[in-house]
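The chain contents come next:
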Amino acid sequence: MRATVIHAPHDIRVEEVPDAAIQRPEDAVVRVLRACICGSDLWAYRGEAARQPGQRIGHEFLGVVEETGSAVSGLRAGDLVVAPFMWSDGTCEYCTEGLYTSCDHGGFWGSVGHDGGQGEAVRVPHADGTLVKLPAEAVSDDHLLTGLLALSDVMGTGHHAALGAGVREGSTVAVVGDGAVGLCGVLAAKRLGAERIIALGRHTVRTDIAKLFGATDVVAERGEAAEAAVRELTGGRGATCVIEAVGTEPSMRTAVGITRDGGAIGYVGVPHGSGTGLDLGVMFDRNITLRGGVAPVRAYIPELLRDVLGGVIDPAPVFDRAVSLDEVPDGYRAMDDRSALKVLIKP
């Protein structure tokens, strides 16, 4: 089969690799119908996250079950399924608590020795605990299928950030980051009943999506100017709930700076310097709470799936470019130079 591999920074290739195949009784093989490139994939693409030459890449996909191992009981060939960005057994202590990303037997797509999502097929370990079935009729609805793909990562991650920030009915929310996760954070905040949502971003194409998703205000400034603008919008106090969806020192400093005393920051940006943007003395004095981390999206898929199917939320607009599998290297270049927000892959 063909799949995307990374050989070195800025060296992404689509190559022939061994076919995905059942290796353990708990496995399933999924033929990929939709995959995508994540902003976090760019850290490896830029050489800021280590990868072995020839390692697979990609962790967001949905598709059709082609084959199941002898121990798989909840799935059968022909089922349309979505995969969260990590696999999990669904039965260990962490999984039963809803923290699927800490599963005793879990793992990450594209890790050494495992298939990545950006290919023609994927071997799925612990298929019963990992995959979530989708309505079969969705396969013929291209827009719906695209929206459902967002459940594999960005929609669940945005929801995790909103929960970490304590978003509830009537909240005032500020979102730092205008990437796909930040935009899904806007959508998640709206879904949870936020009354005011301030999106921080400078790119009109992205802030237009933020407005579509429920943002009531847009702040284009950065740094201290952004802090001043948010405070002006909130009577000088700041936002009670802040979503940090970037992971850098400046983004975290801004998040702390715009948080109201007694408020909370939900952080889901993969840390690349964000730790140095935290001043515990400031947070201590102002009673600011920090919650977040790797989103256990498997826990959130069922409830978010209901709302996507019911038309309550539609995350599909975060995908602004589609490529074939052979065009994946072009997709990486487009996301790296920010000419694309999030690239959809149709193998």
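That block above? That's the structure.
Only a predicted model underlies this, so the values are computations on that prediction, with no experimental measurement involved.

A. Spotlight on the overall build of the protein. On a plain count of helices and strands, the protein comes out with twelve helices and 18 strands. Taken over C-alpha atoms, the radius of gyration comes to 20 Å for the protein, in line with the 20 Å a tight globule of 347 residues would show. Projected onto its principal axes, the C-alpha coordinates of the protein cover approximately 60 × 40 × 35 Å. Burial analysis of the protein (347 residues in total) assigns 55% to the buried set. Contacts in the protein between residues at least 24 apart in sequence constitute 70% of all its contacts with a sequence separation of at least 6. Of the roughly 14,100 Å² of accessible surface on the protein, 48% is carried by carbon and sulfur atoms. For the protein, the centre of its 32 positive side-chain charges and the centre of its 46 negative side-chain charges are spaced 3 Å apart.

B. Representation of unusual backbone geometry. The backbone of His10 shows a phi angle near 65 degrees, a positive value even though the residue is not glycine. Tracing the backbone through its elements, the reader meets His10 in the loop between strand 1 (2-8) and strand 2 (11-16). Here His10 falls in the partly exposed class, since its relative accessible area comes to 45%. Unlike most non-glycine residues, His126 shows phi in positive territory, near 50 degrees. Position of His126 among the secondary structure elements: in the loop between strand 9 (121-124) and helix 3 (127-130).

C. Just the side chain of Asp89, in detail. Relative to the elements of secondary structure, Asp89 occurs in the loop between strand 7 (86-87) and helix 2 (93-96). A polar side-chain atom of Asp89 sits 2.8 Å from a polar atom in the side chain of His105. Excluding its chain neighbours within four sequence positions, the residues that come into contact with Asp89 are Cys95, Cys103, His105, His126 and Gly129.

D. Spotlight on the sheet that holds strand 2. The antiparallel open sheet is built from three strands, whose spatial order is 2-1-4. Edge positions in the sheet fall to strand 2 and strand 4 (55-56), since each of these pairs with one other strand and no more. Against the sheet, helix 12 (residues 328-336) contacts strand 1 and strand 2, and its axis sits at roughly 160 degrees relative to strand 2.

E. Focus on the packing of helix 5 (residues 154-164) against helix 11 (residues 297-309). Two numbers describe how helix 5 lies on helix 11: the axes approach to 9 Å, and their chain directions differ by 100 degrees. Taken as axis vectors, helix 5 and helix 11 run roughly perpendicular relative to one another. Seen from helix 5, the contacting residues are Met155, Gly156, Thr157, His159, His160 and Leu163; seen from helix 11, they are Val297, Tyr300, Glu303 and Leu304. When the residues that make up the contact of helix 5 with helix 11 are grouped by side-chain class, the tally is five nonpolar, four polar and one charged.

F. Structural detail: the sheet that holds strand 13 (residues 217-219). Sheet architecture is open: six strands sit in the order 13-12-11-14-15-16, paired in parallel fashion. Each edge of the open sheet carries a strand with a single partner, namely strand 13 and strand 16 (289-292). Across the sheet, the mean angle separating the axes of adjacent strands is 20 degrees when strand polarity is ignored. Strand direction decides the pairing type here: strand 12 (residues 196-200) and strand 13, joined by three bridges, are parallel. Residue Ile198 lies in a different strand from strand 13, and its bridge partner there is Asp217. Contacts from helix 9 (residues 249-257) reach strand 11 (172-176), strand 12, strand 14 (239-244), strand 15 (259-267) and strand 16 within the one sheet, and its direction differs from that of strand 15 by about 145 degrees.

G. Molecular detail of the side chain of Asp41. Checked against the element boundaries, Asp41 lands in helix 1 (residues 41-45). Despite its burial, Asp41 remains without a salt bridge, the nearest opposite charge being carried by Arg51 at 5.6 Å. Side chain to side chain, Asp41 and Gln118 meet in a polar contact 3.3 Å long.

H. Structural view of the pairing of strand 17 (residues 321-324). Pairing geometry for strand 17 and strand 18 (residues 343-346), over four bridges, is parallel. Directly across from Arg321, in strand 18, lies its bridge partner Val343. The parallel pair strand 17 and strand 18, bridged by helix 12, forms a crossover whose chirality is right-handed.

I. Just the packing of aromatic side chains, in detail. This structure, assessed with the given rule, holds four aromatic pairs. For the pair Phe61 and Trp109, a centre-to-centre distance of 5.2 Å together with 75 degrees between the ring planes defines the contact as edge-to-face. In this pair, Phe61 is assigned in strand 5 (residues 61-68) and Trp109 in the loop between strand 8 (107-108) and strand 9, connecting sequence segments 48 residues apart. Across the pair, exposure class does not vary: Phe61 and Trp109 are buried alike. Through a chain of ring-to-ring contacts, three or more aromatic side chains come together here, namely Phe61, Trp87 and Trp109.

J. Up close: the nonpolar core. In terms of nonpolar packing, the biggest core is built from 52 residues, with Leu148, Met155 and Val173 touching the most fellow members. The element best represented in this core is helix 6 (residues 180-191), accounting for eight residues. Every residue in contact with Met155, bar those within four places of it in the chain, is listed here: Ala150, Cys184, Leu187, Ala188, Leu304, Ile313 and Pro315. Membership of the second largest hydrophobic core comes to 33 residues, among which are Tyr45, Phe61, Leu75 and Val323.

Reading guide: rules and limits
Residues numbered from 1 in each chain as written. Predicted model: local features only at pLDDT ≥ 70, side-chain atom pairs only at ≥ 80, totals over all residues. Heavy atoms only, no water. Helix = DSSP H or I, 4+ residues; strand = E, 2+ residues; numbered from the N terminus. Rg over C-alpha atoms; globule rule 2.2 N^0.38 Å. Buried < 20%, exposed > 50% of the residue type's maximum accessible area, 1.4 Å probe, protein only. Contact = heavy atoms within 4.5 Å. Areas by Shrake-Rupley, 256 points an atom, 1.4 Å probe, with all protein chains shown as cover. Lys, Arg positive; Asp, Glu negative; His and termini not counted. Charge placed at Lys NZ, Arg CZ, Asp CG, Glu CD. Polar contact = N/O pair within 3.5 Å; in protein donor to acceptor, adjacent residues only side chain to side chain. Pairing = 2+ DSSP bridges. Axes fitted to C-alpha atoms, helices over the stretch in contact; angles between N-to-C directions. Parallel < 35°, antiparallel > 145°, perpendicular 65-115°, else oblique. Nonpolar A, V, L, I, M, F, W, Y, C, P; charged D, E, K, R; others polar. Salt bridge = Lys/Arg side-chain N within 4 Å of Asp/Glu carboxyl O. Right-handed = clockwise from strand over helix to strand, strands pointing away. Phe/Tyr/Trp six-rings, centres within 6.5 Å; stacked < 30°, edge-to-face > 60°. Core = buried A, V, L, I, M, F, W, Y, C linked by side-chain atoms within 4.5 Å.

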